[in-house]
Amino acid sequence: MNIVVLIKQVPRTDKIKIDKEKGTLIRKGVESILNPYCEYALEAAFSIKKQIENAKITVITMGPPGAKAVIERAIALGADDGIVLSDRAFAGSDCRATAYALACGIKKACGTPEIILCGRQAIDGDTAQVPGETAQMLGIPMISYITEIVDISEKSITVKSEFDNKELTLSAEFPVLLTVRKGSNNKRMPSLSDAIRAFSYEPKVMSAQDADCDKKKLGLSGSPTRVVKIVPVAAKGNCRFFTLADCADGFAEIEKILFS
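Residues numbered from 1 in each chain as written. Predicted model: local features only at pLDDT ≥ 70, side-chain atom pairs only at ≥ 80, totals over all residues. Heavy atoms only, no water.

Focus on the environment of Tyr100
- Its location among the elements puts Tyr100 in helix 3 (residues 95–110).
- Distance in space between the C-alpha atoms of Tyr100 and Cys118 is 15 Å, their sequence separation being 18 residues.
- Excluding anything up to four places from it in sequence, Tyr100 contacts Met137, Asp212, Cys213, Asp214, Lys217 and Leu218.
- From its side chain, Tyr100 meets the backbone nitrogen of Asp214 in a polar contact 2.7 Å long. (Helix = DSSP H or I, 4+ residues; strand = E, 2+ residues; numbered from the N terminus. Contact = heavy atoms within 4.5 Å. Polar contact = N/O pair within 3.5 Å; in protein donor to acceptor, adjacent residues only side chain to side chain.)

Here it is in structure tokens:
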């Protein structure tokens, strides 16, 4: 069984700042990390590998050459192989163009894997659109926001999925793309052998040409949407505090605000 996990390198959002004049993110000097939801997807892949004999996990990311760091992190956590889609032609790609590049990379490098796993979203863009668009371009079904793998065979998978605080049990035959909502609070720690392997591992780098991409569908020219400006949102509001002695006054004031 071939399992592909799509991962992304993102800036630490708690450290990032915004250039108020240009309306852009200031990424310089900000630490880059593996998107936390991608770690959940990796965790799901490892749980599947434990249950299916001869399962292979390939991680794929798209980004600048420095994105190799998240591949090394995934290898240290137990992934078998890693691929970086890196090309100037990818610069400026929106969700659709990114999904197109990933779909091309998957088909070229892995054919039609039985399972593709993604985190529910990336913490920098926060759109949650790339997985669905990738599945659509590959022509395969998708199950979103899975929280648990209930059962898996060589032909199908059954999972629990959470939508609007409702838990559903869903099944799909392979191939299928799954987005992972959450994982264990206990983070996987690299084994010594995997850490040593990751240190010397050199991921495969694929250009747009290597992935058989149509360059007209990449970058700014291939993106129907683009970020024009980023504006920080400041919390606004006035607070009033009521002590136990005057709770009745507080409830009366709240009632007036809500129903007047």
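Continuing now.
Re the packing of helix 2 (residues 68–77) against helix 5 (residues 192–200)
- Following both chains from N to C, one finds helix 2 and helix 5 inclined at 155 degrees, their axes separated by 7 Å at the closest point. Relative to helix 5, the element helix 2 is oriented roughly antiparallel. The way helix 2 lies across helix 5 gives a crossing that is right-handed. Counted together, Glu72, Ile75, Ala76 and Leu77 of helix 2 and Asp194, Ala195, Arg197 and Ala198 of helix 5 form the full contact between these two elements. (Axes fitted to C-alpha atoms, helices over the stretch in contact; angles between N-to-C directions. Parallel < 35°, antiparallel > 145°, perpendicular 65-115°, else oblique. Left-handed = near helix turned anticlockwise from the far one by under 90°.)

Re the side chain of Asp94
- Relative to the helices and strands, Asp94 resides in the loop between strand 7 (81–85) and helix 3.
- For the buried Asp94, which has no salt bridge, the nearest side chain bearing the opposite charge is Arg96, at an N-O separation of 6.6 Å.
- A polar contact of 3.0 Å, which involves the side chain of Asp94, links it to the backbone nitrogen of Ala97.
- When sequence neighbours within four positions are dropped, the list of residues in contact with Asp94 reads Ser223, Pro224 and Thr225. (Buried < 20%, exposed > 50% of the residue type's maximum accessible area, 1.4 Å probe, protein only. Lys, Arg positive; Asp, Glu negative; His and termini not counted. Salt bridge = Lys/Arg side-chain N within 4 Å of Asp/Glu carboxyl O.)

A look at helix 2
- Within the span of helix 2, buried status applies to Val70, Ile71, Ala74, Ile75, Ala76 and Leu77.
- Once helix 2 ends, the next one or two residues include Gly78, with phi positive near 125 degrees.

Observations concerning the packing of aromatic side chains
- For the coordinates displayed, the defined rule picks out two aromatic pairs.
- Aromatic side chains Tyr37 and Tyr40 sit 5.7 Å apart centroid to centroid with 80 degrees between the ring planes, which places their arrangement in the edge-to-face category. Residue Tyr37 and its partner Tyr40 are located together in helix 1 (residues 36–51), separated by three residues, close to a single helical turn.
- Ring geometry for Tyr145 and Phe163: centres 5.6 Å apart, planes at 55 degrees, overall tilted. (Phe/Tyr/Trp six-rings, centres within 6.5 Å; stacked < 30°, edge-to-face > 60°.)

Concerning the pairing of strand 10 (residues 156–163)
- Inspection of the sheet shows strand 9 (residues 142–152) paired to strand 10 by five bridges, in the antiparallel sense. What sits directly across from Ile149, in strand 10, is Val159.
- Linking two consecutive strands that pair antiparallel, namely strand 9 and strand 10, is a turn of three residues.
- Sheet topology note: the strand 10/strand 11 (residues 166–173) ladder contains eight bridges and is antiparallel. Within the sheet, the bridge partner assigned to Ser161 lies in strand 11 and is Leu168.
- The antiparallel pairing of strand 10 with strand 11 creates a hairpin that spans two residues between the two strands, and Asp164 there sits at a positive phi of about 50 degrees. (Pairing = 2+ DSSP bridges.)

Considerations on the nonpolar core
- By size, the foremost hydrophobic cluster in this structure holds 40 residues, and its most contacted members are Ile3, Val5, Ile48, Ile115, Leu117 and Ile157.
- Of all elements in the fold, only strand 1 (2–6), helix 1, strand 6 (56–62), helix 2, strand 8 (115–119), strand 9, strand 10 and strand 12 (176–180) reach the threshold of two or more residues within this core.
- At seven residues, helix 1 tops the list of elements feeding residues into this core.
- Sequence-distant contacts of Ile115, that is, excluding residues within four places in its chain, are made with Met1, Asn2, Ile3, Val4, Ile48, Ile152, Ile157, Phe174, Val176 and Leu178. (Core = buried A, V, L, I, M, F, W, Y, C linked by side-chain atoms within 4.5 Å.)

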